[in-house]
Amino acid sequence: MNSTPQIKTKLPDLTTYQTVYIGFPTWWQQPPMIIHSLFDEADFKDKTIVPPFTTSMSTPLSDSLPYLRKMSKSSGATLAGGFRYTNKNDLKNFLLKNSSY
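A brief look at the structure comes next. (Residues numbered from 1 in each chain as written. Predicted model: local features only at pLDDT ≥ 70, side-chain atom pairs only at ≥ 80, totals over all residues. Heavy atoms only, no water.)

1. Examining the packing of helix H1 (residues 33–41) against helix H2 (residues 61–75)
- Packing of H1 against H2 brings their axes to within 9 Å, and their N-to-C directions diverge by 15 degrees. The orientation of H1 with respect to H2, classified from their angle, is roughly parallel. In this structure, H1 crosses over H2, and the sense of that crossing is right-handed. Seen from H1, the contacting residues are Ile-35, His-36 and Phe-39; seen from H2, they are Tyr-67, Leu-68, Met-71, Ser-72 and Ser-75.
- Along the lines of polarity and charge, the residues of the contact of H1 with H2 split into 5 nonpolar, 3 polar and no charged. (Axes fitted to C-alpha atoms, helices over the stretch in contact; angles between N-to-C directions. Helix = DSSP H or I, 4+ residues; strand = E, 2+ residues; numbered from the N terminus. Parallel < 35°, antiparallel > 145°, perpendicular 65-115°, else oblique. Left-handed = near helix turned anticlockwise from the far one by under 90°. Contact = heavy atoms within 4.5 Å. Nonpolar A, V, L, I, M, F, W, Y, C, P; charged D, E, K, R; others polar.)

Listed below in structure tokens is the structure:
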């Protein structure tokens, strides 16, 4: 469960971005291991990670936020809150509301 998989595709160059949106399904109360791999491989230094948006049938966002805080801090990024959604309209409204980052 703690194995970080290799990302098969080349990650985009993030140097021109100040803000990065990250979404994922919550697995076993944390981001999937591929998100851990993303933080290991991508350069998030001085970036803002916009409130991560997650899906889960039962796990509250508060369970996965400690993992994201730790990954963000160790990569030099700022984490700006979080959001768990259950339908596409909630996600659409969230992204529209947070497009000013």
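We are not done yet, so read on.
2. Re the environment of Tyr-67
- Tracing the backbone through its elements, the reader meets Tyr-67 in helix H2.
- The spatial distance from the C-alpha of Tyr-67 to the C-alpha of Val-20 is 17 Å, given a sequence separation of 47 residues.
- Contact partners of Tyr-67, with chain neighbours within four places excluded, come to Gln-29, Gln-30, Pro-31 and His-36.

3. A look at unusual backbone geometry
- With phi around 65 degrees, Gln-29 is a residue other than glycine that occupies positive phi space.
- Note that Gln-29 resides in the loop between strand E1 (19–25) and H1.
- Judged by its relative accessible area of 37%, Gln-29 is partly exposed.
- Within the chain, Asp-46 stands out as a residue other than glycine whose phi angle is a positive 65 degrees.
- On the basis of relative accessible area, Asp-46 is assigned to the exposed category, the value being 62%. (Buried < 20%, exposed > 50% of the residue type's maximum accessible area, 1.4 Å probe, protein only.)

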